[in-house]
Amino acid sequence: CDNMNIIRIQLGDDGLRGSLPTELQHLESLQYLLLEDGRIFGSIPSEYGNLSKLSVIDFNYNLLSGTVPTELYSLPQLEQLDLNDNFLGGTISPLIANLENLEFLQLHRNYLLGTIPEAFGLMKNLRLLELHGNMLSGTMPESVCQNRDDIDGLIKLTADCDD
């Protein structure tokens, strides 16, 4: 089996336990990395930023911790990033705007801090943005709200509101 021709890895429903292997960075043809609803712990390897053909990363409902590696924000084909329901912390980097093809971003129910970046307003292909269940502060940037009002803009935006 030639590892370089693998385009999809999908394991779910408790199908994987342990940490994410850095060796996946060598799967140059990988487009879909779906490892949801398992018991994956530890951090997301920054080496996954080398997987230039990735269009979907789905690590939701796991035990991942640490921060979202900024190297992921340089993936040119990424359309979907699902990291919800983990233990990820840190802030959301403005570099996320580099993901020009990103349509679906789910970061809800983690431990993200700081403010919501103005950069989300620059992401014209973004259709779904879920940020609720974090420790984010401040107000929603006006550019994000304007993107939501565009006919081809955000379809779904969820965030928490405090009194």
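Above this text sits the structure in question.
The notes below deal with the structure included here. (Residues numbered from 1 in each chain as written. Predicted model: local features only at pLDDT ≥ 70, side-chain atom pairs only at ≥ 80, totals over all residues. Heavy atoms only, no water.)

All told, the structure shown has two salt bridges when counted by the stated rule. Among the ionic pairs, Arg 109 bridges to Asp 85, the shortest N-O distance being 2.7 Å. A residue pair is termed long-range when its members are at least 10 positions apart, and Arg 109 in the loop between β9 (104-106) and β10 (111-115) and Asp 85 in the loop between β7 (80-82) and β8 (87-91) qualify at 24 residues. Here Glu 130 and Lys 156 are joined by a salt bridge, their closest N and O atoms 2.9 Å apart. With Glu 130 in strand β11 (residues 128-130) and Lys 156 in strand β13 (residues 156-158), this pair connects stretches of sequence that are 26 residues apart. (Salt bridge = Lys/Arg side-chain N within 4 Å of Asp/Glu carboxyl O. Helix = DSSP H or I, 4+ residues; strand = E, 2+ residues; numbered from the N terminus.)

Spatially, the seven strands line up as an open sheet ordered β1-β3-β5-β7-β9-β11-β13, and their pairing is parallel. Only two strands of the sheet have a single neighbouring strand rather than two, namely β1 (8-11) and β13. In this sheet, neighbouring strand axes are inclined to one another by 10° on average, regardless of whether the strands run parallel or antiparallel. Across three bridges, the pairing between β11 and β13 is parallel. Looking at β13, one finds that Leu 129 is bridged to Leu 157. (Pairing = 2+ DSSP bridges. Axes fitted to C-alpha atoms, helices over the stretch in contact; angles between N-to-C directions.)

Moving on, we get to the sheet that holds β8. Note on sheets: strands pair through backbone hydrogen bonds, and any given pair is parallel or antiparallel. Spatial strand order, β2-β4-β6-β8-β10-β12: six strands in an open sheet with parallel pairing. In this open sheet, the two edge strands, each paired with only one partner strand, are β2 (17-19) and β12 (135-137). Direction aside, neighbouring strands of the sheet carry axes that sit 15° apart on average. Pairing of β10 with β12, which is carried by three bridges, proceeds in the parallel orientation. Bridge pairing in β12 places Thr 115 opposite Ser 137.

Here the focus is the pairing of β10. Two faces belong to every sheet, and in a regular strand the side chains alternate between them. Bridge count between β8 and β10: three bridges; the pairing is parallel. Looking across to β10, one finds that Gly 89 is bridged to Tyr 111.

The residue Asp 37 is not glycine, and still its phi comes out positive at about 55°. Structurally, Asp 37 is set in the loop between β3 (32-35) and β4 (39-42). Judged by relative accessible area, Asp 37 falls into the partly exposed class, the value being 34%. Of note, Asp 85 is a non-glycine position whose phi angle comes to about 60°, a positive value. The class for Asp 85 is buried, based on a relative accessible area of 16%. (Buried < 20%, exposed > 50% of the residue type's maximum accessible area, 1.4 Å probe, protein only.)

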